[in-house]
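Now for the letters of each chain:
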Amino acid sequence: MLHTLSIGELGRSLSSGEISSVELTRLFLARIERLNPALNALITLTAEQALLAAAAADRRRAAGEKGPLLGIPLIHKDIFCTDGVRTSCGSRMLDNFVAPYDATVVARLKAAGTVMLGKANMDEFAMGSSNETSFYGPVKNPWDTSKVPGGSSGGSAAAAAARLAAFTTGTDTGGSIRQPAALTGVTGVKPTYGRVSRYGMIAFASSLDQAGVFARSAADAAIVLQAMAGFDPRDSTSIDTPVPDYPAALQEPLKGLKIGLLREFFDGLEARNASLIHDALKIYRGLGAETVEVSLPHLPLSVPTYYVVAPAECSSNLSRFDGVRFGYRCENPTDLLDLYKRSRGEGFGAEVKRRIMTGTYVLSAGYFDAYYLKAQKVRRLITDDFRAAFEQVDLLIGPTTPTPAFAIGAKIDDPVTMYLNDIYTIGANLAGLPGVSLPCGFVEELPMGLQLIGPHFSEAKLLNAAHLFQQATDWHSRSPRGYE
Amino acid sequence: MSLTRQDVEKIAHLARLSITEQEMPVYVTSLSSIVDFVDELSRARIGDVEPMAHPLDGQHQRLRADVVSETDHHEKYQANAPAVQAGLYVVPRVIE
């Protein structure tokens, strides 16, 4: 069945003429029509534009063009500006916003010939770990629709798991690709900070945000990352370093690879979760890797550090939403202050307002040193801990999440309980490191993910290690019931 | 270190956010619990460490030549504006 094929297999079917991109696009659009209502994974469907793009891809192929992503359907997280298409960021604030340009990620994937089926649902302004804060309603986990898919890229993850597209894009600021990938049983990649351009990607926390991909395998993710990655002069934090050939590196033997088990990740980890990671380690040893225990002593401070730094940066970034130039404006503003306050008060949801206010507080006079400056110092300590660990090992391994997917509504009333879902993912964002989550088993019939973290710009090695694990296991090829 | 209602009102004003009377107690409670949570940082013993603003060391702001590189798109960009007149954004009167 076509929707279960890998990107490579789809490419071969398209090349051989077995199917056209228009037919493939119609197939995925039909799946979305049938399956998305139960999931609410999409905010905007772009069926007409998709068929036009598919026809254009078919013409490019007929003219002799080849390329692994030519004619391949995708869904973009609704945080990426897409020219002429609503870009809502999951918020009432941008419900009426039609982006006047393409994000670099969108432009690069378009140039490669992909077909955009629609925009994925997400936690509002990327703030959340369950996709319950979206103005457009929660996303359901295809493995159990009473459960969350994770967040903030919950729509992208659910769509990938339900095979509504060949792959989807996401963003990861504190775990928003890796955590939902783990909870929905797909492969999620967060690249090194600066590896993928943030131009046109609506900013949440500028020193943490990074764009990445959800795919059904590391091999597929490698193809997509190849097209997304690379220097962009329009992003002042984009790093000008060559992009290796990720697909070519997938098969390199792991012999001699040193994998570090983070002691702090295993403290207090539930036995069922820990045993899945230990099973994965046996597989890695079988492939020739050595495992070593390492410690990152400051890692337990990573969640409070993040919840000072990220809100501070978000309070600054979201000040552009003022009801003046674009986005939501309140009715009958009495004066400029009323315009600002009610446009923002009405346009933003509760979690966004909480984070803006937390950020405003920690940056305010009298508190800046105690919170923000302190957090930036702890950030350096955490980063130095990772650097020291990578002098002993090549990659770090651990769980992605403390538990499998929780019930919709279970944690939404207590922000701090929700924040602790990010406990394993946040460190990599603070240190700017790349991380991958891949399916490693099930707990109570719900998927669990294992996480690999590498040094800066080690995406090739991470994808290689993930790929070899996926050749030795089949967790990543399982499908939720009803979505096979 | 709990926040008072006055604290939250002041922060909301600085952030230009309107909070309704109904919502206020909920925000006071949730912001207090968040601040208590991040207070763990203030108890952490840190030596003399440089604060870190950027996750990758050695980065600096890239500069480019001071030449025009964009063309006029203001009509396209202003298509999203709530109120525009003669290329200007219209807002309630600012100066009495």
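Residues numbered from 1 in each chain as written. Chains lettered and ligands numbered in written order. Predicted model: local features only at pLDDT ≥ 70, side-chain atom pairs only at ≥ 80, totals over all residues.

**Q** Before we go on, may I ask you to explain the overall build of chain A in this structure?
**A** Within chain A, the regular secondary structure consists of 17 helices and 11 strands. If one aligns the C-alpha atoms of chain A with their principal axes, the spans along those axes are about 65 × 55 × 45 Å. Per-residue burial for chain A yields a buried fraction of 63% across its 484 residues. Long-range contacts, defined as pairs at least 24 residues apart, comprise 76% of the intrachain contacts of chain A with a sequence gap of at least 6. (Helix = DSSP H or I, 4+ residues; strand = E, 2+ residues; numbered from the N terminus. Buried ≥ 20, exposed ≤ 12 C-beta atoms within 10 Å, placed from the backbone. Contact = placed C-beta atoms within 7 Å.)

**Q** Help me understand the overall build of chain B in this model?
**A** A tally of regular secondary structure across chain B gives four helices and two strands. Helices and strands in chain B line up, N terminus first, as α-α-α-α-β-β. Computed over C-alpha atoms, the radius of gyration of chain B comes to 22 Å, more than 25% over the 12 Å expected from 2.2 N^0.38 for 96 residues, which places it beyond the range of a compact globule. Out of the 96 residues in chain B, the part that is buried amounts to 18%. (Rg over C-alpha atoms; globule rule 2.2 N^0.38 Å.)

**Q** For this particular structure, what's the right way to read the interface of chain A and chain B?
**A** Taken together, the contact between chain A and chain B spans 55 residues of the former and 41 residues of the latter. Elements that contribute at least two residues to the side of chain A that touches chain B include exactly helix 11 (302–317), helix 12 (336–347), helix 13 (350–363), helix 14 (369–392) and helix 15 (415–419) of chain A. Residue composition of the side of chain A that touches chain B, grouped by class: 28 nonpolar, 15 polar and 12 charged. (Nonpolar A, V, L, I, M, F, W, Y, C, P; charged D, E, K, R; others polar.)

**Q** When you look at the packing of helix 2 (residues 21–35) of chain A against helix 3 (residues 47–62) of chain A in this model, what are you seeing that I'm missing?
**A** The description of two helices packed together rests on the angle between their axes and the distance between the axes. Residues and elements named next belong to chain A. Between helix 2 and helix 3, the shortest axis-to-axis distance is 8 Å and the interhelical angle comes to 155°. Taken together, the axes of helix 2 and helix 3 are roughly antiparallel relative to one another. As helix 2 runs across helix 3, the sense of the crossing is right-handed. Residue-level inspection shows Ser 21, Val 22, Thr 25 and Leu 29 of helix 2 in contact with helix 3, the latter providing Ala 47, Ala 50, Leu 51, Ala 54, Ala 55, Ala 57 and Asp 58. The class makeup of the residues in the contact of helix 2 with helix 3 is eight nonpolar, two polar and one charged. (Axes fitted to C-alpha atoms, helices over the stretch in contact; angles between N-to-C directions. Parallel < 35°, antiparallel > 145°, perpendicular 65-115°, else oblique. Left-handed = near helix turned anticlockwise from the far one by under 90°.)

**Q** Even after reading the chapter, I still don't get helix 10 (residues 271–286) of chain A, so can you show me in this structure?
**A** Counting along an α-helix, one turn takes 3.6 residues, and residues three or four places apart therefore face a common direction. Residues and elements named next belong to chain A. Spanning 16 residues, helix 10 covers 22 Å between terminal C-alpha atoms, matching the ideal 22 Å at 1.5 Å per step. Those residues of helix 10 that fall on the buried side of the exposure criterion are Asn 273, Ile 277, Ala 280 and Tyr 284. All buried residues of helix 10 fall inside an arc of 55° around its axis, so they share one side. Relative to its buried face, helix 10 has exposed residues pointing more than 90 degrees away, namely Ala 271, His 278, Lys 282 and Gly 286. Contacts made by the buried residues of helix 10 are with strand 7 (258–262), strand 8 (290–294), strand 9 (395–399), strand 10 (435–443), strand 11 (446–453) and helix 17 (459–472). Note on helix 10: the residue one or two positions beyond its end, Gly 288, has a positive phi of about 105°. (Expected span 1.5 Å × (residues − 1). Arc of directions from axis to C-beta.)

**Q** Please clarify how the packing of helix 13 of chain A against helix 1 (residues 5–14) of chain B should be interpreted in this entry.
**A** Across the interface, helix 13 of chain A lies against helix 1 of chain B with an axial gap of 9 Å and an inter-helix angle of 95°. By the angle between their directions, the pair helix 13 of chain A and helix 1 of chain B is classed as roughly perpendicular. Contacts from Met 357, Thr 360 and Tyr 361 of chain A of helix 13 of chain A reach helix 1 of chain B at Ile 11, Ala 12 and Leu 14 of chain B. Classifying every residue of the contact of helix 13 of chain A with helix 1 of chain B by side-chain character gives five nonpolar, one polar and no charged.

**Q** Looking at this structure, I do not really get the sheet that holds strand 9 of chain A. What am I missing?
**A** Sheets are built from strands that pair by backbone hydrogen bonding, the pairs being arranged parallel or antiparallel. Residues and elements named next belong to chain A. Here 11 strands make up an open sheet; going across it, the order is 1-3-2-4-6-5-10-11-9-7-8 and the pairing mixed. Bordering the open sheet on either side are strand 1 (42–45) and strand 8, each of which pairs with just one other strand. The mean inter-strand angle of the sheet, taken between neighbouring strand axes irrespective of direction, is 30°. Here strand 9 pairs with strand 11 via four bridges, running antiparallel. When the sheet's bridge partners are listed, Leu 396 is paired in strand 11 with Ile 453. Strands strand 1, strand 2 (73–77), strand 3 (115–120), strand 4 (167–171) and strand 6 (211–215) of the sheet are contacted by helix 5 (residues 154–161), whose axis makes an angle of about 160° with strand 4. Its contacts with the sheet put helix 17 on strand 5 (187–190), strand 9, strand 10 and strand 11, and the angle it makes with strand 10 is roughly 20°. (Pairing = 2+ DSSP bridges.)

**Q** Explain the nonpolar core to me, please; I cannot follow it from the model alone.
**A** For soluble globular proteins, nonpolar side chains are generally found buried alongside one another. By size, the foremost hydrophobic cluster in this structure holds 165 residues, and its most contacted members are Leu 117, Phe 167, Met 228, Val 308, Leu 395 and Leu 463 of chain A. Excluding residues within four positions of it along the chain, Val 308 of chain A makes contact with Val 362, Tyr 371, Tyr 372 and Ala 375 of chain A together with Val 38 and Leu 41 of chain B. (Core = buried A, V, L, I, M, F, W, Y, C linked by C-beta atoms within 7 Å.)

**Q** Looking at this structure, how should I read the confidence of the model for chain B?
**A** Low pLDDT means the predicted atomic positions in that stretch should not be read closely. Put simply, chain B has an average pLDDT of 90, and 98% of its residues get 70 or more. Ranking the elements of chain B by mean pLDDT puts helix 3 (residues 40–43) of chain B last with 84 and helix 1 of chain B first with 96. (pLDDT = per-residue confidence, 0-100.)

**Q** What is the right way to read helix 1 (residues 7–15) of chain A from this model?
**A** All names here are of chain A. Every buried residue of helix 1 is accounted for by Ile 7, Leu 10, Gly 11 and Leu 14. Viewed end-on, helix 1 has its buried residues packed into an arc of 100°, placing them on one side of the element. Residues of helix 1 that are buried sit in contact with helix 2, helix 3, strand 4 and helix 7 (218–228). Phi turns positive one or two residues past the end of helix 1, at Gly 17, with a value near 85°.

**Q** Any chance you could explain unusual backbone geometry here in plain terms?
**A** Trans is the common state for peptide bonds, and a negative phi is the common state for residues other than glycine. Residue and element names in this part refer to chain A. Residue Ser 152 is bonded to the preceding Gly 151 through a cis peptide linkage, with omega at 10°. Relative to the assigned elements, Ser 152 resides in the loop between strand 3 and helix 5. The backbone phi angle of Asn 40 is positive, close to 60°, even though this residue is not glycine. The topology assignment puts Asn 40 in the loop between helix 2 and strand 1. For Cys 89, which is not glycine, the phi dihedral falls at a positive 55°.

**Q** Is there a simple way to explain the pairing of strand 3 of chain A in this structure?
**A** Across a regular strand the side chains alternate sides, sitting on one face of the sheet and then on the other. Residue and element names in this part refer to chain A. With respect to burial, strand 3 is a largely interior element, six of its six residues being buried. Pairing of strand 1 with strand 3, which is carried by three bridges, proceeds in the antiparallel orientation. Within strand 3, the residue paired with Thr 44 across the bridge is Lys 119. With five bridges connecting them, strand 2 and strand 3 associate as parallel partners. Residue pairing in the sheet places Ile 75 in a bridge with Gly 118 of strand 3.

**Q** Help me understand the environment of Arg 234 of chain A in this model?
**A** All names here are of chain A. Take Arg 234: it is sitting in the loop between helix 7 and helix 8 (246–249). For Arg 234, a count of 12 C-beta atoms within 10 Å translates into the label exposed. Sequence spacing of Arg 234 and Ser 146 is 88 residues, and the spatial spacing of their C-alpha atoms is 42 Å.

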